[in-house]
Amino acid sequence: MAKVKGDIVVDIEKCKGCELCVVACPQGTIALSDKINKKGYHYMVKIKDNCTGCENCALVCPDAVITVYRKSGKKKEKVATISNVQKDMTLEVN
Amino acid sequence: MGELRLMKGNEALAEAAIRAGCDAYFGYPITPQSEVLEYLSREASNRTGMIVLQAESEVASINMIYGAAGAGKRAMTSSSSPGISLMQEGISYIAAAELPCLIVNVNRGGPGLGTIQPSQGDYFQATKGGGHGDYKLIVLAPSSVQEMADFVRLGFDLADKYRNPVMILADGAIGQMMEKVELFEQQPKGGTIPKPWATTGKTKDRERNIITSLHIDPREMEKINLRLQAKYKEIQEKEVRYETFKVEDAEYILTAFGLGARICKKVVELGREKGYKIGLIRPITLFPFPSKIFKEISTKVKGILDVEMNAGQMVEDVRLSVEGKTKVEFYGRMGGIIPTPEEILDYFEKIFLKGE
Amino acid sequence: MDESIVRTEEQEFLEEDICVAENLVYKKPKTLTDIDLHYCPGCGHGVVHRLLMEVVEEMDIQDKVIGVAPVGCAVFAYNYMDIDMQEAAHGRATAVATGIIRVLPDKLVFTYQGDGDLAAIGTAETLHTCNRGENILIVFINNAVYGMTSGQMAPTTLPGMVTTTSPFGRDVKTMGYPLKMTDLVAQLPGTYYVTRQAVNNASNVRKTKKAIQKSFQYLQQKKGTCFIEVVSNCPSNWKMTPVEANKFVEEKLIPFYPLGDLKVPKEELK
């Protein structure tokens, strides 16, 4: 289904388990872990391998704990910098 | 010799602000000091590019000072008693954040809306903190139009040196009277002391600068307080200023500040004509208060008469200074009344010579 | 569909490690410090802090920007933003910002204020700063409640909304009506760009960021006051989960405080 392959890296110790990323993810890729971090929060984890790298989780995260990667085709440079965040908004609709 | 002019106290102060290299003035009109804002509005921006802004209130003015002083610039405001009361919150923040700036209070009679006539009723407010928390302003009390001008430059220099707000505590009469004044030369804008702590935009070569008075950890807050107190102690040791007049052979001492001291000089002269050995001590810095001179003189004289245009405020500091070693009496007028030399001398005779 | 995405289908990339620098598309901005935010889980403040710092990083204006923090939950905003900042007295942020911008006219100055700070105690300063058209950005976080003092009624609390000081719901007859500051300042000739945004979902977050970007560009052009209201949440004091709180934003707050531009620069209206 996913035409784009993405992945996320989560700073679990900073996560406060608010779950906003879970509802923001259009793919159902993430959920809260049963485990807790040092702060005592259930932190977010990837439960499926269907991330498209759409960034929605990172955008709604109040604690900036998520880094997003997306593997795109030939024009890698188009998405290789943070300044292209706006440009790739269209991903949200898929 | 500098340029000589006949000026109102408020105008001399405003002119001195331009010449002292003040970067910005923020203020709100209030009698009896509105000439400061008027003069600066007319003169300042053309000559030095100084910013002059009529704010929507004294509350806004003092917080504009916070912003401009925090940005490393020489900033000042002026007002009169009710307006200074409105500024107290901001002054407390400025003192806590250690921002150098100049605040001028052309004192009028209170409490409340009071009167627009001159008073010294804000001595406590100026010298004891005024707003919340433990802090001090450096307080300069001019007693002439010349000092209205000179203390602006001195005030800015002290403010920059100690990173502390300075207040000029004048009164309506000093602000409104006209006298000859010798003006100092134009100084460079912004003063000469570097301010690496100012918020001017974080460059790559330094950590970010933060201007704040918030230290939520009580240990940290106590540390800040101890540092402030150490600074006030240093100011107390180094910056005391006062004037003495015929104290060498004096048996009695008059003491007064600002306008009161001008009147008391006349009292000394009138008294000496009658053969009384009277001298005068005029505190110029109300904080730091010149305690030492009072303590020293207390064992040599028969009594001290403190004269103020209030219900007796500085007299508490005089009494603390002499530590009970001599009698300290008080004479004051309130509500905007200026005492005459004759009535002061009458009181002096009554209290010290006739033993009433 | 984005052109680049279609092309990627042709690539055999599925087995590759995706988490490499060349594939990086989103990362916490460097201008946001590594200090853990003190905000409650799900709080909108964190999002807006991050957006501001993303824009500062992307526009490369760290050495130009000076922020003014409020009194309220965001009182420690300066701990998180790696820029020069001043902490203002309650409600006085725009006066402080005025002081800064007047003496440093080439800097980019913004205030960050909550609804109590901006719309109650600081109403006069806010209106007059906007009326003078000071060249600053005012970021106004409206979550309809006093957060830091733990849940009292705000000037923006909705009619009927329960807070600790309106325990039976805000009765507008005795407690007054919600104050729409953004609508007010949009009427003033000094404001150049006035908009109301939200951060309750990814789409709104993107729009809020766009508004911040535009505002800093306008400040660079010295256009006058830019004012962004961000309709936000307060899960702790609303006594909701963050997900419920964002739903409340969507269903209750946004209908009362409709999103969108209230004042758009004339030259952009075609």
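Because the structure is predicted, anything quoted here is derived from the model rather than measured.

### What to know about the confidence of the model for chain A
For residues with low pLDDT, the predicted coordinates do not support detailed interpretation. With 73% of its residues at a pLDDT of 70 or more, chain A has an overall mean of 81. The low-confidence segment residues 74-94 of chain A, where pLDDT is below 50, has 45 contacts with residues more than four positions distant or belonging to other chains.

### Thoughts on the packing of helix α1 (residues 9-19) of chain B against helix α2 (residues 34-48) of chain B
Residues and elements named next belong to chain B. Axis separation between α1 and α2 bottoms out at 9 Å; the angle between their running directions is 25°. In terms of their interaxial angle, α1 and α2 are classed as roughly parallel. With respect to the hand of their crossing, α1 and α2 are arranged in right-handed fashion. Between α1, through N10, E11, L13, A14, E15, A17, I18 and R19, and α2, the contact on the second element is made entirely by E35, V36, Y39, L40, R42, E43, A44, R47 and T48. Considering only residue class, the contact of α1 with α2 consists of eight nonpolar, two polar and seven charged.

### A word on the sheet that holds strand β1 (residues 24-26) of chain C
Reading across the sheet, the three strands line up as β1(A)-β4(A)-β1(C) and stay open at both edges, with antiparallel pairing between neighbours. Taken across any chain shown, the strands that pair with only one partner, and hence form the sheet edges, are β1 (5-10) of chain A together with β1 of chain C. Adjacent strand axes in the sheet meet at a mean angle of 35° when their direction is disregarded. Relative to β1(C), strand β4 (residues 66-71) of chain A runs antiparallel, the two being bridged by two bridges. Bridge pairing in β1(C) links A:Y69 to C:L24.

### Re the nonpolar core
All names here are of chain B. L40, M76, V152, L254 and L305 are the most contacted members of the largest nonpolar core, which has 148 residues in total. Lining this core are residues from two domains, each supplying at least three of them: domain 1 (3-238) and domain 2 (243-353). Ignoring any residue separated from it by four or fewer positions in sequence, one finds M76 in contact with L13, A17, C22, A24, Y25, F26, I65, L102, V104 and F156.

### A few points about the sheet that holds strand β8 (residues 191-198) of chain C
The strand order across the open sheet formed by eight strands is β9(B)-β3(C)-β2(C)-β4(C)-β5(C)-β9(C)-β8(C)-β10(C), and the pairing between neighbours is mixed. Both edges of this open sheet fall to β9 (210-211) of chain B together with β10 (260-263) of chain C, since each of them pairs with a single strand only. Set on the sheet, helix α6 (residues 123-132) of chain C makes contact with β5 (136-142), β8 and β9 (225-231) of chain C; between it and β9(C) the angle comes to about 135°.

### Considerations on the interface of chain C and chain B
Between chain C and chain B, the residue contacts involve 36 residues of the former and 33 residues of the latter. When chain C packs against chain B, the two sides together hide about 2,700 Å² of surface, and 59% of this comes from carbon and sulfur. Counting the contacts that link chain C with chain B gives four salt bridges. The residue C:D82 makes a salt bridge to B:R208 at a minimum N-O spacing of 3.9 Å. The interface formed by chain C and chain B contains 17 residue pairs in polar contact (both at pLDDT 80 or more). Counting residues per element, the ones that place at least two in the side of chain C that touches chain B are β2 (65-69), α3 (77-80), β3 (84-87), α4 (93-103) and α6 of chain C. Class assignment for the residues of the side of chain C that touches chain B results in 17 nonpolar, eight polar and eleven charged. The pairing of β9(B) with β3(C) spans two bridges and is parallel. Bridge pairing in β3(C) places B:I211 opposite C:Q86.

### Details of the domain arrangement of chain B
All names here are of chain B. In terms of domains, chain B is made up of domain 1 (3-238) and domain 2 (243-353). Its C-alpha centre places domain 1 at a distance of 28 Å from the equivalent point of domain 2. Each partner contributes to the interface: domain 1 provides 31 residues, whereas domain 2 provides 25 residues. Approximately 2,300 Å² of surface area, both sides summed, lies buried where domain 1 meets domain 2, with 56% of it carried by carbon and sulfur atoms. On the domain 1 side of the contact with domain 2, Q120, Y123 and F124 bury the most area, a combined 30% of that side's loss. If you look at where domain 1 meets domain 2, you find three salt bridges. The shortest N-O distance in the salt bridge between K128 and D317 comes to 2.6 Å. Going through the elements one at a time, α5 (123-127), β6 (138-140), α6 (145-162), β7 (165-171), α7 (172-176) and α8 (218-238) are the ones with two or more residues in the side of domain 1 that touches domain 2.

### Details of the packing of aromatic side chains
The full count for this structure, using the stated rule, is 17 aromatic pairs over all chains. For the ring pair B:Y276 and B:F348, a centre distance of 5.9 Å and an interplane angle of 45° mean the geometry is tilted. Placement of the pair is B:Y276 in the loop between α9 (259-273) and β12 (278-283) and B:F348 in helix α12 (residues 341-353), with a sequence separation of 72 residues. Across the pair, exposure class does not vary: B:Y276 and B:F348 are buried alike. Judged by centre distance (6.2 Å) and plane angle (90°), the ring pair of C:F110 and C:F216 falls under edge-to-face. One end of the pair, C:F110, is in strand β4 (residues 108-114); the other, C:F216, is in helix α9 (residues 202-220), and 106 residues separate them in sequence. Owing to a relative accessible area of 0%, C:F110 belongs among the buried residues under this scheme. A cation sits over an aromatic face here: B:R163 above B:W197, 4.0 Å from the ring centre. The ring centre of B:F245 lies 5.5 Å from the NZ or CZ of B:K265, which sits over that ring.

### Topic: the side chain of C:T33
Residue placement: C:T33 occurs in the loop between β1 and α2 (44-58). You can call C:T33 buried: its relative accessible area is 13%. Not counting residues within four places of it along the chain, the set of residues in contact with C:T33 comprises B:R208, C:K28, C:N79, C:Y80, C:M81 and C:D82.

### Considering the environment of A:I36
Mapped onto the secondary structure, A:I36 falls in strand β2 (residues 30-36). A sequence separation of 21 residues divides A:I36 from A:C15, and the C-alpha atoms of the two residues are 9.7 Å apart.

### Topic: the pattern of salt bridges
Any two side chains of opposite charge can pair, so long as their charged atoms come close to each other. Per the counting criterion, the structure on display carries 51 salt bridges over all chains. Notably, a salt bridge pairs B:R206 with C:D84, separated by 2.6 Å at the nearest N-O pair. On the criterion of chain membership, the pair formed by B:R206 in the loop between β8 (178-183) and β9 and C:D84 in strand β3 is interchain, its members lying in two chains. Take C:D84: its relative accessible area is 0%, and that puts it in the buried class. B:K302 is the partner of B:E251 in a salt bridge, and the nearest nitrogen-oxygen pair spans 3.6 Å. Of this pair, B:E251 sits in the loop between β10 (242-245) and β11 (252-255) while B:K302 sits in the loop between α10 (291-298) and β14 (303-308), and the two are 51 residues apart along the sequence. Among the charged side chains, a network of salt bridges with common partners joins B:E3, B:R5, B:E15, B:R19, B:E43 and B:R47.

Conventions we followed
Residue indices follow the written sequence of each chain, beginning from 1 at its first position. Chains and ligands are labelled sequentially in the order written, the chains with letters from A and the ligands with numbers from 1. In view of the model being predicted, local features appear only for residues whose pLDDT reaches at least 70, and side-chain atom pairs are presented and counted only at 80 or more, with totals across whole chains, interfaces and linings using the full set of residues. No hydrogens and no water enter the side-chain calculation; it runs on all heavy atoms of the structure. What pLDDT reports is the predictor's confidence in each residue, on a scale of 0 through 100. By definition, residues are in contact when any of their heavy atoms lie within 4.5 Å. In this analysis, axes come from line fits to C-alpha atoms, helices being fitted only over the stretch in contact, and the angle between any two N-to-C directions falls in the range 0 to 180 degrees. Numbering of helices and strands starts at the N terminus; helices are DSSP runs of H or I of at least 4 residues and strands are runs of E of at least 2. Roughly parallel here means an angle under 35 degrees, roughly antiparallel means over 145, roughly perpendicular means 65 to 115, and every remaining angle is called oblique. Rotating anticlockwise by less than a right angle from the far helix to the near helix defines a left-handed crossing, while the corresponding clockwise rotation defines a right-handed one. When residues are sorted by character, Ala, Val, Leu, Ile, Met, Phe, Trp, Tyr, Cys and Pro go into the nonpolar class, Asp, Glu, Lys and Arg into the charged class, and all the rest, Gly among them, into the polar class. Pairing between strands is defined by DSSP: at least two bridges between them are needed. Residues belong to one nonpolar core when they are buried, are Ala, Val, Leu, Ile, Met, Phe, Trp, Tyr or Cys, and are joined through side-chain atoms within 4.5 Å. A 1.4 Å probe rolled over the protein chains alone gives each residue an accessible area, and that area as a share of the maximum for its type sets the label: buried under 20%, exposed over 50%, partly exposed in between. Each domain's limits were defined by an automated method or a database of domain assignments. Defined here as a combined quantity, buried area equals the accessible surface (1.4 Å probe) lost by two parts on assembly, summed across both. The term salt bridge refers to a pairing of a side-chain nitrogen on Lys or Arg with a carboxyl oxygen on Asp or Glu at a separation within 4 Å. In protein, a polar contact requires one atom able to donate a hydrogen and another able to accept it; more generally it is a pair of N or O atoms within 3.5 Å, and residues adjacent in sequence count only if both atoms are side-chain atoms. When two rings of Phe, Tyr or Trp (its six-membered ring) have centres within 6.5 Å they constitute a pair, described as stacked for plane angles under 30 degrees, edge-to-face for angles over 60, and tilted for the intermediate range. Either the NZ atom of lysine or the CZ atom of arginine qualifies as a charge over a ring when it sits within 6 Å of the ring centre and within 35 degrees of the ring normal.

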